[in-house]
Amino acid sequence: MKNVKFAVLPVAGFGTRMLPLSKSVPKELLPLGSRPAIHYVVEEAIAAGIKHIVLVGHAQKSAIENYFDVNAELDGQLRRKGKDELADSLNWLPDDVTVSMIRQGKPLGLGHAVLAARPIIGENDFAVLLPDVVLDPYTTNMSADNLAFMIDAFAKDGHSQILVDQVADEDVHKYGIAKLSDTSAVDDQAATNASFKVAGFVEKPSLADAPSKLAVVGRYVFSHQIFDYLANTKASVGGEIQLTDAIDALISEYGVNVTTMSGSSYDAGDMQSYMQAFMHFAQQQLAGGE
Ligand code: G1P
């Protein structure tokens with residue numbers, strides 16, 4: 001039985017699509033309802049059984065690490081004023097979960113960011129969650145669906161898992177797109193979790209070149225061998241070291257599966273989608289949701 005207890009969250013992006021909001025506040029800390037966006041992504045990881053979260057960032061992102069640490073001064077002041085309940089609510093991270101941060105150094109792409117976590121993760125298998133993408137916690141069961149499902153599937157058959165979802169024609173060029181030998185089976189599974197063997201990925205293709213409309217959503221479960229492929233991956237699309245190129249190499253040797261997404265997701269790194277996400281989370285919370 002393979003255990004997945006580590007997760008990498010790359011947080012080194014400058015968030016240019018979220019300016020001016022992201023000029024002095026990391027985009028990952030922008031609010032969705034009453035909490036920063038990355039709070040929900042970390043909750044998702046913990047619900048799926050992750051115990052060690054590795055943030056990959058840079059000097060301007062230390063506020064994210066602080067968000068997951070205890071602020072002893074604030075804690076003391078709240079308790080002195082009898083606001084113990086509020087102080088307790090800030091210490092929500094379970095005792096057996098650690099959050100650490102490592103720096104990427106040069107901004108050489110997503111593949112390079114994931115590789116930067118190798119000194120902490122070593123020979124462990126691990127998940128990757130891209131915190132721009134926030135899965136809707138109000139329509140899915142985070143301890144069974146999506147990442148949790150993928151970790152379970154990986155434990156059963158040892159194949160790395162990549163979460164995918166159908167996207168509209170005009171959005172194909174923004175994503176890694178999966179190539180499958182038969183997409184009809186996948187179409188039948190729309191909106192539920194199911195795993196399929198994948199033949200490869202194309203990073204940000206034009207619609208004409210896209211092998212399908214199944215886009216990589218931003219949740220991955222990898223066997224640690226991916227690090228060896230990442231270490232040998234050269235810069236490609238956009239001059240960056242792409243995670244999808246390393247996945248293609250992993251496919252040829254070990255086989256990789258895609259998992260179809262259940263529920264809905266928001267791109268909190270894009271202004272329009274962020275605003276929709278904010279309204280959705282705020283409405284849920286105003287109606288009494290957590
Ligand atoms: C990254 C990945 C891409 C994936 C996308 C999901 O791209 O390279 O394969 O589909 O995240 O959000 P980015 O959005 O960082 O350009």
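What you are looking at is a predicted structure, and each value in this text was computed from that prediction instead of being measured.

Secondary-structure assignment places S22 in the loop between β1 (6–10) and β2 (31–32). Residue S22 is classed as buried on the basis of its relative accessible area, which comes to 8%. A distance of 2.7 Å separates a polar atom in the side chain of S22 from the backbone oxygen of G15. Within the local environment of S22, its side chain forms a polar contact with the backbone nitrogen of L19, the two atoms lying 3.4 Å apart.

Residues in close proximity to the ligand include L110, L130, V133, Y175, G176, E203, K204, V216, V217 and Q242, which together make up its full environment. One of the backbone nitrogen or oxygen atoms of G176 is found 3.0 Å away from an oxygen atom of the ligand. The separation between an oxygen atom of the ligand and a polar side-chain atom of K204 is 2.7 Å. Summarising the interface, the protein chains cover 76% of the accessible area of the ligand, which totals 380 Å² for the free molecule. Among the residues making up the shell around the ligand, the classes are represented as six nonpolar, two polar and two charged.

Okay, helix α1 (residues 37–47) next. For an α-helix, the turn length of 3.6 residues means that residues three or four places apart are oriented alike. Of all eleven residues making up α1, nine are buried, and the element is well covered by its neighbours. If you check which residues of α1 are buried, you get A37, I38, H39, Y40, V41, V42, E44, A45 and I46. Looking at the residues trailing α1, positive phi occurs at G49, about 100°.

This part takes up the nonpolar core. Among the nonpolar cores identified, the biggest contains 45 residues, and L9, I38, I53 and L55 are the most heavily contacted of them. Here this core gets seven residues from one element, more than from any other, and that element is α1. If near-sequence neighbours (up to four positions away) are discounted, L55 is found in contact with L9, V11, I38, I64, E65, V99, S100, M101 and I102. Within the second largest apolar cluster, 37 residues are counted, among which are V56, V114, A117 and I162.

Parameters and conventions
Residues numbered from 1 in each chain as written. Predicted model: local features only at pLDDT ≥ 70, side-chain atom pairs only at ≥ 80, totals over all residues. Heavy atoms only, no water. Helix = DSSP H or I, 4+ residues; strand = E, 2+ residues; numbered from the N terminus. Buried < 20%, exposed > 50% of the residue type's maximum accessible area, 1.4 Å probe, protein only. Polar contact = N/O pair within 3.5 Å; in protein donor to acceptor, adjacent residues only side chain to side chain. Near = heavy atom within 4 Å. Areas by Shrake-Rupley, 256 points an atom, 1.4 Å probe, with all protein chains shown as cover. Nonpolar A, V, L, I, M, F, W, Y, C, P; charged D, E, K, R; others polar. Core = buried A, V, L, I, M, F, W, Y, C linked by side-chain atoms within 4.5 Å. Contact = heavy atoms within 4.5 Å.

From the geometry alone we can't say anything about function, so treat these as descriptive.
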